[in-house]
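Spelled out, the chains give:
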Amino acid sequence: MEVKHQIRCFESDVLVCEDGRSFTISIQARTNPLGFGRALGTFGKLERALDAAEQFCLAYRIAREHGYYLKEDEFVRYGRRPIAVNWVLERRFSEQEWNDLIARRAKADAG
């Protein structure tokens, strides 16, 4: 596996790695930088993997601002429905759209 791109994302790095056939996005703790971290998704094209990595970091930042944390393959918060990482990787939302989504989910979960 060859690292093609690396993004610092809080206390972790999001990596885009190539294995010759596909591009995998993974998250790796900065405190334990051995290996290639935990896989989040796989893509056939580098451009799509890079876009998904950026999208993940944007969504992760916004989710954290709203009290969510990453657990396995979901953003979770007590009393709220989890948000699947795979679903996040498929989206190309703007910062405002992510904020609106989380606000709508909070309203739906409260009512």
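Residues numbered from 1 in each chain as written. Predicted model: local features only at pLDDT ≥ 70, side-chain atom pairs only at ≥ 80, totals over all residues. Heavy atoms only, no water.

Peer 1: What's the story with the nonpolar core in this structure? I'm lost.
Peer 2: The biggest cluster of nonpolar side chains holds 29 residues, and the ones touching the most others in it are Val14, Ile25, Phe56, Phe75 and Leu89. For this core, the leading source of residues is helix 1 (residues 46-65), giving 10 residues. Sequence-distant contacts of Phe56, that is, excluding residues within four places in its chain, are made with Val14, Ile27, Leu40, Leu70, Phe75, Val85, Val88 and Leu89. (Core = buried A, V, L, I, M, F, W, Y, C linked by side-chain atoms within 4.5 Å. Buried < 20%, exposed > 50% of the residue type's maximum accessible area, 1.4 Å probe, protein only. Helix = DSSP H or I, 4+ residues; strand = E, 2+ residues; numbered from the N terminus. Contact = heavy atoms within 4.5 Å.)

Peer 1: Before we go on, may I ask you to explain the environment of Ala110 in this structure?
Peer 2: Looking at the element boundaries, Ala110 is found in helix 3 (residues 95-110). Residue classification places Ala110 among the exposed positions, given a relative accessible area of 69%. Linking Ala110 and Tyr78, residues 32 residues apart in sequence, is a C-alpha distance of 12 Å.

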